[in-house]
Number of protein chains: 2
Amino acid sequence: MRAAGRAGLALAAAALALALAAWRRRPRPRPLREVLFFPSPPSCTEALLAEAAGPGAATGRGVVSRPCPCPLPHGDCSLSRLLSRLLAARRSLEICLFAFSSPQLGCAVRLLHRRGVRVRIVTDAQYMGLQGSQIGLLRQAGIQVRHDQESGYMHHKFAIVDGRMVITGSLNWTTQAIQNNRENVLVMEDAEYVKPFLDEFERIWEEYNPINYRFFPKDSK
Amino acid sequence: MRAAGRAGLALAAAALALALAAWRRRPRPRPLREVLFFPSPPSCTEALLAEAAGPGAATGRGVVSRPCPCPLPHGDCSLSRLLSRLLAARRSLEICLFAFSSPQLGCAVRLLHRRGVRVRIVTDAQYMGLQGSQIGLLRQAGIQVRHDQESGYMHHKFAIVDGRMVITGSLNWTTQAIQNNRENVLVMEDAEYVKPFLDEFERIWEEYNPINYRFFPKDSK
(Lines give C-alpha, C1' and ligand atoms only; values in the text may rest on other atoms or scores of the structure.)
Protein backbone atom coordinates (compact mmCIF):
# COMPACT_ATOMS: atom_id res chain seq x y z
CA MET A 1 0.00 0.00 0.00
CA ARG A 2 2.84 2.36 0.95
CA ALA A 3 4.56 1.61 -2.39
CA ALA A 4 1.30 2.22 -4.26
CA GLY A 5 0.93 5.55 -2.44
CA ARG A 6 4.45 6.56 -3.41
CA ALA A 7 3.80 5.61 -7.02
CA GLY A 8 0.60 7.68 -6.95
CA LEU A 9 2.45 10.67 -5.59
CA ALA A 10 5.16 10.36 -8.23
CA LEU A 11 2.48 10.12 -10.93
CA ALA A 12 0.73 13.23 -9.60
CA ALA A 13 4.04 15.14 -9.47
CA ALA A 14 4.80 14.12 -13.06
CA ALA A 15 1.31 15.21 -14.19
CA LEU A 16 1.78 18.54 -12.39
CA ALA A 17 5.18 19.09 -14.04
CA LEU A 18 3.67 18.32 -17.45
CA ALA A 19 0.77 20.71 -16.85
CA LEU A 20 3.21 23.43 -15.74
CA ALA A 21 5.36 22.93 -18.84
CA ALA A 22 2.26 23.10 -21.07
CA TRP A 23 1.12 26.29 -19.27
CA ARG A 24 4.54 27.85 -19.88
CA ARG A 25 4.40 26.92 -23.57
CA ARG A 26 0.83 28.23 -23.98
CA PRO A 27 0.43 30.64 -26.92
CA ARG A 28 0.73 34.17 -25.55
CA PRO A 29 -1.73 36.73 -26.95
CA ARG A 30 0.05 38.87 -29.54
CA PRO A 31 0.69 42.41 -28.34
CA LEU A 32 -1.57 45.00 -29.93
CA ARG A 33 0.22 46.97 -32.67
CA GLU A 34 -1.85 49.66 -34.32
CA VAL A 35 -1.01 52.77 -36.33
CA LEU A 36 -3.70 55.45 -36.68
CA PHE A 37 -3.47 58.25 -39.21
CA PHE A 38 -5.18 61.61 -39.11
CA PRO A 39 -6.99 63.83 -40.16
CA SER A 40 -10.05 62.01 -38.90
CA PRO A 41 -13.33 63.41 -40.30
CA PRO A 42 -15.75 65.13 -37.88
CA SER A 43 -17.72 62.30 -36.24
CA CYS A 44 -20.05 61.62 -33.34
CA THR A 45 -18.42 59.84 -30.42
CA GLU A 46 -21.27 60.32 -27.92
CA ALA A 47 -22.44 56.69 -28.12
CA LEU A 48 -18.89 55.49 -27.42
CA LEU A 49 -18.63 57.77 -24.37
CA ALA A 50 -22.14 56.87 -23.16
CA GLU A 51 -21.34 53.16 -23.39
CA ALA A 52 -18.14 53.70 -21.39
CA ALA A 53 -20.04 55.73 -18.78
CA GLY A 54 -22.38 52.79 -18.15
CA PRO A 55 -26.18 52.34 -18.55
CA GLY A 56 -28.15 55.50 -17.83
CA ALA A 57 -25.04 57.44 -16.82
CA ALA A 58 -24.19 60.94 -17.95
CA THR A 59 -21.03 61.36 -20.03
CA GLY A 60 -20.22 64.74 -18.57
CA ARG A 61 -21.70 66.22 -21.75
CA GLY A 62 -25.28 65.26 -20.78
CA VAL A 63 -27.10 61.92 -20.92
CA VAL A 64 -27.11 60.63 -24.47
CA SER A 65 -29.93 58.68 -26.07
CA ARG A 66 -28.73 55.70 -28.09
CA PRO A 67 -28.44 55.72 -31.04
CA CYS A 68 -27.48 59.41 -31.07
CA PRO A 69 -29.77 61.27 -33.50
CA CYS A 70 -27.15 63.85 -34.57
CA PRO A 71 -26.33 64.12 -38.29
CA LEU A 72 -22.57 63.39 -37.93
CA PRO A 73 -21.13 60.03 -39.07
CA HIS A 74 -21.09 57.45 -36.22
CA GLY A 75 -18.78 54.84 -37.75
CA ASP A 76 -15.25 53.68 -37.10
CA CYS A 77 -12.53 56.34 -37.55
CA SER A 78 -9.10 57.18 -36.14
CA LEU A 79 -10.60 59.34 -33.36
CA SER A 80 -13.08 56.63 -32.30
CA ARG A 81 -10.23 54.09 -32.19
CA LEU A 82 -8.07 56.40 -30.08
CA LEU A 83 -11.02 56.97 -27.71
CA SER A 84 -11.70 53.22 -27.46
CA ARG A 85 -8.09 52.49 -26.53
CA LEU A 86 -8.18 55.14 -23.80
CA LEU A 87 -11.58 54.04 -22.49
CA ALA A 88 -10.19 50.52 -22.04
CA ALA A 89 -8.29 51.81 -18.94
CA ARG A 90 -9.30 50.02 -15.74
CA ARG A 91 -6.62 51.02 -13.21
CA SER A 92 -4.37 53.85 -14.38
CA LEU A 93 -3.85 56.43 -17.08
CA GLU A 94 -0.72 58.56 -17.40
CA ILE A 95 -0.90 61.42 -19.90
CA CYS A 96 2.07 63.53 -21.04
CA LEU A 97 0.77 66.05 -23.52
CA PHE A 98 1.92 69.33 -25.03
CA ALA A 99 -1.56 70.63 -25.99
CA PHE A 100 -4.90 69.23 -24.80
CA SER A 101 -8.06 70.99 -26.00
CA SER A 102 -10.20 68.24 -27.61
CA PRO A 103 -13.58 68.22 -25.78
CA GLN A 104 -14.15 64.58 -26.74
CA LEU A 105 -10.81 63.37 -25.34
CA GLY A 106 -11.25 65.63 -22.29
CA CYS A 107 -14.65 64.06 -21.67
CA ALA A 108 -13.16 60.55 -21.93
CA VAL A 109 -10.44 61.35 -19.40
CA ARG A 110 -12.92 62.84 -16.87
CA LEU A 111 -15.13 59.78 -17.35
CA LEU A 112 -12.22 57.47 -16.54
CA HIS A 113 -11.43 59.55 -13.43
CA ARG A 114 -15.07 59.22 -12.29
CA ARG A 115 -14.90 55.49 -12.93
CA GLY A 116 -12.02 55.28 -10.39
CA VAL A 117 -9.09 55.10 -12.79
CA ARG A 118 -6.01 56.86 -11.34
CA VAL A 119 -5.35 59.64 -13.85
CA ARG A 120 -2.15 61.73 -13.80
CA ILE A 121 -1.42 64.44 -16.37
CA VAL A 122 1.80 66.26 -17.27
CA THR A 123 1.53 69.21 -19.63
CA ASP A 124 3.27 72.30 -20.96
CA ALA A 125 2.97 75.45 -18.84
CA GLN A 126 2.76 77.80 -21.83
CA TYR A 127 0.04 75.84 -23.63
CA MET A 128 -2.13 74.75 -20.70
CA GLY A 129 -3.61 78.24 -20.28
CA LEU A 130 -4.56 78.85 -23.91
CA GLN A 131 -8.21 79.36 -24.80
CA GLY A 132 -10.04 76.06 -25.19
CA SER A 133 -7.53 74.09 -23.12
CA GLN A 134 -9.10 71.16 -21.26
CA ILE A 135 -6.58 71.38 -18.41
CA GLY A 136 -8.72 73.68 -16.24
CA LEU A 137 -11.77 71.39 -16.56
CA LEU A 138 -9.67 68.34 -15.76
CA ARG A 139 -8.26 70.01 -12.65
CA GLN A 140 -11.77 71.10 -11.60
CA ALA A 141 -12.82 67.45 -11.88
CA GLY A 142 -10.13 66.61 -9.32
CA ILE A 143 -7.51 65.19 -11.66
CA GLN A 144 -3.85 65.73 -10.76
CA VAL A 145 -2.02 67.90 -13.28
CA ARG A 146 1.64 68.93 -13.20
CA HIS A 147 3.46 71.18 -15.64
CA ASP A 148 6.99 72.13 -16.62
CA GLN A 149 8.82 75.30 -15.60
CA GLU A 150 11.39 75.20 -18.35
CA SER A 151 12.16 77.46 -21.29
CA GLY A 152 11.83 74.50 -23.67
CA TYR A 153 8.48 72.87 -24.43
CA MET A 154 7.11 69.76 -22.73
CA HIS A 155 6.45 68.50 -26.25
CA HIS A 156 5.60 64.82 -25.62
CA LYS A 157 2.25 63.48 -26.83
CA PHE A 158 1.82 60.12 -25.13
CA ALA A 159 -0.47 58.23 -22.78
CA ILE A 160 -0.03 54.95 -20.93
CA VAL A 161 -3.06 52.74 -20.24
CA ASP A 162 -2.93 50.38 -17.22
CA GLY A 163 0.87 50.30 -17.44
CA ARG A 164 0.60 47.92 -20.41
CA MET A 165 -0.17 50.02 -23.49
CA VAL A 166 1.51 53.17 -24.78
CA ILE A 167 -0.26 55.55 -27.16
CA THR A 168 2.18 57.99 -28.78
CA GLY A 169 2.85 59.95 -31.96
CA SER A 170 2.76 63.39 -33.50
CA LEU A 171 -0.84 64.18 -32.47
CA ASN A 172 -1.64 66.84 -29.90
CA TRP A 173 -5.10 66.24 -28.48
CA THR A 174 -6.74 69.21 -30.19
CA THR A 175 -9.68 69.33 -32.59
CA GLN A 176 -7.51 71.25 -35.08
CA ALA A 177 -4.95 68.44 -35.15
CA ILE A 178 -7.55 65.64 -35.18
CA GLN A 179 -9.66 67.07 -37.99
CA ASN A 180 -7.18 69.02 -40.14
CA ASN A 181 -3.58 67.88 -39.73
CA ARG A 182 -1.58 64.99 -41.13
CA GLU A 183 -0.75 63.11 -37.93
CA ASN A 184 0.09 59.65 -36.67
CA VAL A 185 -0.60 57.76 -33.44
CA LEU A 186 0.95 54.44 -32.50
CA VAL A 187 -0.83 52.07 -30.09
CA MET A 188 1.67 49.57 -28.71
CA GLU A 189 1.62 46.82 -26.12
CA ASP A 190 5.24 45.68 -26.61
CA ALA A 191 6.89 45.92 -23.20
CA GLU A 192 10.13 47.17 -24.82
CA TYR A 193 8.27 50.30 -25.90
CA VAL A 194 5.94 50.70 -22.90
CA LYS A 195 8.59 50.57 -20.16
CA PRO A 196 10.79 53.47 -21.38
CA PHE A 197 7.68 55.68 -21.64
CA LEU A 198 6.54 54.70 -18.13
CA ASP A 199 10.02 55.48 -16.78
CA GLU A 200 10.02 58.83 -18.62
CA PHE A 201 6.60 59.68 -17.18
CA GLU A 202 7.66 58.88 -13.60
CA ARG A 203 10.89 60.88 -14.07
CA ILE A 204 8.98 63.94 -15.32
CA TRP A 205 6.19 63.53 -12.73
CA GLU A 206 8.73 63.68 -9.91
CA GLU A 207 10.69 66.53 -11.48
CA TYR A 208 7.50 68.62 -11.92
CA ASN A 209 6.38 67.98 -8.33
CA PRO A 210 4.86 71.30 -7.12
CA ILE A 211 7.26 71.31 -4.16
CA ASN A 212 9.95 72.03 -6.77
CA TYR A 213 8.08 74.92 -8.43
CA ARG A 214 9.86 78.24 -8.30
CA PHE A 215 7.45 81.15 -7.81
CA PHE A 216 9.04 84.06 -9.61
CA PRO A 217 7.26 87.44 -9.60
CA LYS A 218 5.59 86.65 -12.98
CA ASP A 219 4.04 83.51 -11.43
CA SER A 220 2.84 85.18 -8.22
CA LYS A 221 0.63 87.78 -9.87
CA MET B 1 24.63 -0.05 -58.82
CA ARG B 2 21.36 1.54 -59.99
CA ALA B 3 19.76 0.72 -56.60
CA ALA B 4 22.74 2.25 -54.79
CA GLY B 5 22.41 5.38 -56.95
CA ARG B 6 18.73 5.67 -56.07
CA ALA B 7 19.47 5.26 -52.38
CA GLY B 8 22.17 7.95 -52.62
CA LEU B 9 19.73 10.33 -54.32
CA ALA B 10 17.07 9.69 -51.65
CA LEU B 11 19.67 10.30 -48.94
CA ALA B 12 20.73 13.57 -50.58
CA ALA B 13 17.09 14.68 -50.90
CA ALA B 14 16.46 13.88 -47.24
CA ALA B 15 19.59 15.82 -46.21
CA LEU B 16 18.47 18.76 -48.34
CA ALA B 17 14.99 18.72 -46.76
CA LEU B 18 16.56 18.62 -43.28
CA ALA B 19 18.88 21.53 -44.12
CA LEU B 20 15.94 23.53 -45.50
CA ALA B 21 13.87 22.87 -42.38
CA ALA B 22 16.80 23.96 -40.16
CA TRP B 23 17.28 27.12 -42.27
CA ARG B 24 13.59 27.94 -41.86
CA ARG B 25 13.85 27.45 -38.08
CA ARG B 26 17.06 29.52 -37.80
CA PRO B 27 16.87 32.21 -35.13
CA ARG B 28 15.84 35.44 -36.85
CA PRO B 29 17.63 38.59 -35.73
CA ARG B 30 15.39 40.47 -33.29
CA PRO B 31 13.99 43.67 -34.77
CA LEU B 32 15.60 46.82 -33.40
CA ARG B 33 13.39 48.54 -30.80
CA GLU B 34 14.79 51.75 -29.37
CA VAL B 35 13.24 54.74 -27.61
CA LEU B 36 15.27 57.96 -27.49
CA PHE B 37 14.39 60.84 -25.19
CA PHE B 38 15.30 64.49 -25.56
CA PRO B 39 16.57 67.10 -24.70
CA SER B 40 19.97 65.94 -25.83
CA PRO B 41 22.84 68.14 -24.58
CA PRO B 42 24.81 70.15 -27.14
CA SER B 43 27.39 67.75 -28.57
CA CYS B 44 29.86 67.41 -31.43
CA THR B 45 28.69 65.07 -34.20
CA GLU B 46 31.38 65.98 -36.75
CA ALA B 47 33.33 62.74 -36.27
CA LEU B 48 30.14 60.71 -36.87
CA LEU B 49 29.42 62.64 -40.07
CA ALA B 50 33.05 62.46 -41.23
CA GLU B 51 33.10 58.69 -40.70
CA ALA B 52 29.88 58.35 -42.72
CA ALA B 53 31.32 60.56 -45.49
CA GLY B 54 34.28 58.18 -45.89
CA PRO B 55 38.07 58.64 -45.51
CA GLY B 56 39.30 62.10 -46.46
CA ALA B 57 35.83 63.22 -47.60
CA ALA B 58 34.20 66.51 -46.74
CA THR B 59 31.00 66.38 -44.69
CA GLY B 60 29.48 69.35 -46.40
CA ARG B 61 30.57 71.35 -43.36
CA GLY B 62 34.26 71.15 -44.31
CA VAL B 63 36.82 68.34 -43.88
CA VAL B 64 37.03 67.35 -40.22
CA SER B 65 40.18 66.21 -38.50
CA ARG B 66 39.67 63.22 -36.25
CA PRO B 67 39.38 63.39 -33.30
CA CYS B 68 37.61 66.73 -33.57
CA PRO B 69 39.39 69.27 -31.32
CA CYS B 70 36.24 71.26 -30.44
CA PRO B 71 35.34 71.60 -26.74
CA LEU B 72 31.85 70.01 -27.01
CA PRO B 73 31.21 66.51 -25.62
CA HIS B 74 31.77 63.78 -28.24
CA GLY B 75 30.09 60.84 -26.51
CA ASP B 76 26.90 58.86 -27.03
CA CYS B 77 23.66 60.87 -26.76
CA SER B 78 20.13 60.82 -28.21
CA LEU B 79 21.14 63.04 -31.16
CA SER B 80 24.19 60.90 -32.03
CA ARG B 81 21.98 57.78 -31.93
CA LEU B 82 19.38 59.36 -34.18
CA LEU B 83 22.13 60.40 -36.60
CA SER B 84 23.65 56.90 -36.57
CA ARG B 85 20.30 55.30 -37.41
CA LEU B 86 19.82 57.69 -40.35
CA LEU B 87 23.39 57.29 -41.59
CA ALA B 88 22.83 53.51 -41.77
CA ALA B 89 20.72 54.11 -44.93
CA ARG B 90 22.14 52.34 -48.00
CA ARG B 91 19.34 52.52 -50.57
CA SER B 92 16.47 54.85 -49.61
CA LEU B 93 15.37 57.45 -47.11
CA GLU B 94 11.83 58.83 -46.92
CA ILE B 95 11.36 61.85 -44.66
CA CYS B 96 7.99 63.31 -43.66
CA LEU B 97 8.66 66.25 -41.40
CA PHE B 98 6.79 69.30 -40.14
CA ALA B 99 9.87 71.41 -39.30
CA PHE B 100 13.47 70.71 -40.42
CA SER B 101 16.13 73.22 -39.38
CA SER B 102 18.80 71.17 -37.59
CA PRO B 103 22.12 71.76 -39.43
CA GLN B 104 23.51 68.43 -38.20
CA LEU B 105 20.53 66.40 -39.47
CA GLY B 106 20.47 68.44 -42.70
CA CYS B 107 24.15 67.65 -43.22
CA ALA B 108 23.48 63.92 -42.66
CA VAL B 109 20.67 63.89 -45.24
CA ARG B 110 22.77 65.70 -47.86
CA LEU B 111 25.62 63.28 -47.18
CA LEU B 112 23.32 60.29 -47.80
CA HIS B 113 22.10 61.89 -51.04
CA ARG B 114 25.73 62.32 -52.20
CA ARG B 115 26.39 58.68 -51.29
CA GLY B 116 23.67 57.64 -53.77
CA VAL B 117 20.82 56.99 -51.32
CA ARG B 118 17.43 57.89 -52.88
CA VAL B 119 16.14 60.65 -50.59
CA ARG B 120 12.56 61.97 -50.77
CA ILE B 121 11.22 64.63 -48.42
CA VAL B 122 7.66 65.73 -47.64
CA THR B 123 7.24 68.84 -45.51
CA ASP B 124 4.84 71.57 -44.42
CA ALA B 125 4.45 74.53 -46.79
CA GLN B 126 4.08 77.08 -43.98
CA TYR B 127 7.16 75.93 -42.04
CA MET B 128 9.57 75.13 -44.90
CA GLY B 129 10.22 78.80 -45.63
CA LEU B 130 10.97 79.91 -42.06
CA GLN B 131 14.40 81.30 -41.22
CA GLY B 132 16.93 78.54 -40.59
CA SER B 133 14.94 75.89 -42.48
CA GLN B 134 17.15 73.26 -44.13
CA ILE B 135 14.67 72.68 -46.96
CA GLY B 136 16.28 75.24 -49.32
CA LEU B 137 19.75 73.73 -48.85
CA LEU B 138 18.39 70.23 -49.39
CA ARG B 139 16.68 71.29 -52.62
CA GLN B 140 19.86 73.05 -53.77
CA ALA B 141 21.69 69.77 -53.22
CA GLY B 142 19.29 68.14 -55.69
CA ILE B 143 17.03 66.36 -53.22
CA GLN B 144 13.35 65.99 -54.15
CA VAL B 145 11.05 67.88 -51.77
CA ARG B 146 7.26 68.05 -51.91
CA HIS B 147 4.96 70.03 -49.63
CA ASP B 148 1.30 70.25 -48.69
CA GLN B 149 -1.18 72.82 -49.96
CA GLU B 150 -3.70 72.35 -47.16
CA SER B 151 -4.98 74.60 -44.41
CA GLY B 152 -4.01 71.98 -41.79
CA TYR B 153 -0.40 71.22 -40.94
CA MET B 154 1.66 68.39 -42.40
CA HIS B 155 2.55 67.57 -38.80
CA HIS B 156 4.19 64.13 -39.17
CA LYS B 157 7.74 63.68 -37.89
CA PHE B 158 8.93 60.37 -39.32
CA ALA B 159 11.62 58.88 -41.53
CA ILE B 160 11.95 55.44 -43.12
CA VAL B 161 15.40 53.93 -43.68
CA ASP B 162 15.82 51.38 -46.50
CA GLY B 163 12.13 50.46 -46.24
CA ARG B 164 12.91 48.43 -43.10
CA MET B 165 13.18 50.89 -40.19
CA VAL B 166 10.82 53.67 -39.13
CA ILE B 167 11.99 56.56 -36.95
CA THR B 168 9.04 58.51 -35.51
CA GLY B 169 7.91 60.50 -32.50
CA SER B 170 7.23 63.99 -31.22
CA LEU B 171 10.57 65.49 -32.34
CA ASN B 172 10.78 68.04 -35.10
CA TRP B 173 14.30 68.12 -36.51
CA THR B 174 15.20 71.52 -35.04
CA THR B 175 18.03 72.48 -32.70
CA GLN B 176 15.45 74.05 -30.34
CA ALA B 177 13.59 70.75 -30.04
CA ILE B 178 16.73 68.61 -29.81
CA GLN B 179 18.47 70.70 -27.15
CA ASN B 180 15.59 72.21 -25.14
CA ASN B 181 12.33 70.25 -25.42
CA ARG B 182 11.01 67.10 -23.79
CA GLU B 183 10.66 64.84 -26.82
CA ASN B 184 10.63 61.18 -27.80
CA VAL B 185 11.75 59.27 -30.87
CA LEU B 186 11.01 55.61 -31.54
CA VAL B 187 13.28 53.54 -33.77
CA MET B 188 11.42 50.44 -34.93
CA GLU B 189 12.13 47.58 -37.31
CA ASP B 190 8.83 45.71 -36.69
CA ALA B 191 7.21 45.29 -40.12
CA GLU B 192 3.76 45.91 -38.57
CA TYR B 193 4.86 49.46 -37.74
CA VAL B 194 7.07 50.13 -40.79
CA LYS B 195 4.53 49.19 -43.48
CA PRO B 196 1.73 51.61 -42.50
CA PHE B 197 4.25 54.48 -42.40
CA LEU B 198 5.63 53.51 -45.84
CA ASP B 199 2.08 53.38 -47.23
CA GLU B 200 1.30 56.77 -45.65
CA PHE B 201 4.45 58.26 -47.17
CA GLU B 202 3.64 56.98 -50.68
CA ARG B 203 0.04 58.23 -50.34
CA ILE B 204 1.20 61.73 -49.35
CA TRP B 205 4.04 61.74 -51.92
CA GLU B 206 1.56 61.12 -54.73
CA GLU B 207 -0.99 63.56 -53.35
CA TYR B 208 1.63 66.33 -53.10
CA ASN B 209 2.90 65.70 -56.64
CA PRO B 210 3.67 69.16 -58.11
CA ILE B 211 1.37 68.41 -61.04
CA ASN B 212 -1.45 68.73 -58.48
CA TYR B 213 -0.28 72.09 -57.06
CA ARG B 214 -2.73 74.95 -57.46
CA PHE B 215 -0.97 78.24 -58.19
CA PHE B 216 -3.13 80.93 -56.64
CA PRO B 217 -2.06 84.58 -56.98
CA LYS B 218 -0.31 84.48 -53.55
CA ASP B 219 1.92 81.63 -54.83
CA SER B 220 2.81 83.26 -58.16
CA LYS B 221 4.36 86.42 -56.78
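One can find the structure itself at the top, above this paragraph.
Residues numbered from 1 in each chain as written. Chains lettered and ligands numbered in written order. Predicted model: local features only at pLDDT ≥ 70, side-chain atom pairs only at ≥ 80, totals over all residues. Heavy atoms only, no water.

*Asks:* Break down the overall build of chain A for me, citing the residues and quoting the values.
*Replies:* Counting secondary structure elements, chain A contains eight helices and seven strands. Projected onto its principal axes, the C-alpha positions of chain A cover 85 × 50 × 35 Å. Burial status across chain A gives 47% buried among its 221 residues. Considering only contacts in chain A between residues 6 or more positions apart, those separated by 24 or more positions represent 76%. Looking at chain A as shown, the accessible area adds up to about 11300 Å², and 58% of this sits on carbon and sulfur atoms. Here chain A contributes 29 positively and 19 negatively charged side chains, and the mean placements of these two sets differ by 9 Å. (Helix = DSSP H or I, 4+ residues; strand = E, 2+ residues; numbered from the N terminus. Buried < 20%, exposed > 50% of the residue type's maximum accessible area, 1.4 Å probe, protein only. Contact = heavy atoms within 4.5 Å. Areas by Shrake-Rupley, 256 points an atom, 1.4 Å probe, with all protein chains shown as cover. Lys, Arg positive; Asp, Glu negative; His and termini not counted. Charge placed at Lys NZ, Arg CZ, Asp CG, Glu CD.)

*Asks:* Break down the sheet that holds strand β3 (residues 118-123) of chain A for me, with residues and values.
*Replies:* The seven strands lie next to each other as β1-β7-β6-β5-β2-β3-β4 (chain A), forming an open sheet whose pairing is mixed. Pairing within the sheet leaves two strands with one partner each, and these edge strands are β1 (33-38) and β4 (144-147) of chain A. Ignoring which end each strand starts from, the neighbouring axes of this sheet average 15° apart. Where β3(A) meets β4(A), four bridges bridge the pair, whose relative direction is parallel. Each bridged residue has a counterpart across the sheet, and for T123(A) the counterpart in β4(A) is H147(A). Set on the sheet, helix α7 (residues 191-207) of chain B makes contact with β1 and β7 (183-188) of chain A; between it and β1(A) the angle comes to about 20°. (Pairing = 2+ DSSP bridges. Axes fitted to C-alpha atoms, helices over the stretch in contact; angles between N-to-C directions.)

*Asks:* Quick one: what's the story with the pairing of β3(A), residue by residue and with numbers?
*Replies:* Each regular strand shows side chains that alternate between the opposite faces of the sheet. Residue and element names in this part refer to chain A. Counting buried positions over the six residues of β3 gives five, a clear majority of the element. Pairing between strand β2 (residues 92-97) and β3: six bridges, direction parallel. Paired with L97 across the strands is T123, a residue of β3.

*Asks:* Would you mind going over unusual backbone geometry in detail, with residue names and values included?
*Replies:* Residues and elements named next belong to chain A. Of note, the amide linkage connecting F38 to P39 takes the cis form, showing an omega dihedral of 15°. Take P39: it is sitting in the loop between β1 and α2 (46-53). One non-glycine residue, D162, lies in the positive phi region at around 50°.

*Asks:* Tell me what's going on with empty space enclosed by the protein, and back it up with residues and numbers.
*Replies:* By rolling a water-sized probe across the atoms, one finds the places where empty space is left. Residues and elements named next belong to chain B. By the definition in use, this model includes two cavities of 30 Å³ or more. There is about 40 Å³ of room inside the largest cavity. Contributing to the lining of the largest cavity are K157, F158, A159, I167, T168, G169, L171, W173 and V185. Those elements that provide at least two residues to the lining of the largest cavity are β5 (157-161) and β6 (165-169). (1 Å grid on protein atoms, 1.4 Å probe; cavity = no way out; pocket = protein on both sides within 12 Å on 5 of 7 lines; lining within 4 Å. Points joined across faces, edges and corners; volume = space filled by probe spheres on them.)

*Asks:* How would you explain the interface of chain A and chain B if you had to name every residue and give the values?
*Replies:* Contacts between the two partners involve 37 residues from chain A, matched on the other side by 37 residues from chain B. Between chain A and chain B the total buried area reaches about 3000 Å² when both faces are included, carbon and sulfur atoms providing 52% of it. If you look at where chain A meets chain B, you find 10 salt bridges. Where R33(B) meets D190(A), a salt bridge forms, and the shortest distance between an N and an O atom there is 3.9 Å. Listed by contribution, the elements that provide at least two residues to the side of chain A that touches chain B are β1, β5 (157-161), β6 (165-169), α7 (175-180), β7 and α8 (191-207) of chain A. At eight residues, α8(A) tops the list of elements feeding residues into the side of chain A that touches chain B. (Buried area = accessible area lost by both parts, 1.4 Å probe. Salt bridge = Lys/Arg side-chain N within 4 Å of Asp/Glu carboxyl O.)

*Asks:* If you had to explain the pattern of salt bridges to someone new, which residues and values would you point to?
*Replies:* Here the structure, examined in full by the defined rule, presents 28 salt bridges over all chains. The partner of E192(B) in a salt bridge is R30(A), with the nearest N and O atoms 2.6 Å apart. In this pair, E192(B) sits in helix α7 while R30(A) sits in the loop between α1 (2-24) and β1, so the two residues belong to two different chains. The salt bridge involving E150(B) is made with R182(A); its shortest N-O contact spans 2.8 Å. Note that E150(B) is positioned in the loop between β4 (144-147) and β5 and R182(A) in the loop between α7 and β7, a pairing that runs across two chains. Accessibility expressed as a relative area gives 29% for E150(B), which makes it partly exposed.

*Asks:* Lay out the relation of the copies chain A and chain B in plain terms, naming residues and giving numbers.
*Replies:* Note on the identical chains: chain A maps onto chain B by a rotation of 180° and an axial translation of 0.1 Å, with an RMSD of 0.1 Å. Here the symmetry operator amounts to a two-fold rotation axis. Taken as a fraction of all interface residues of chain A, those also at the interface in chain B reach 100%, which identifies the copy contact as same-surface. (Least-squares fit on C-alpha atoms with pLDDT ≥ 70 in both.)

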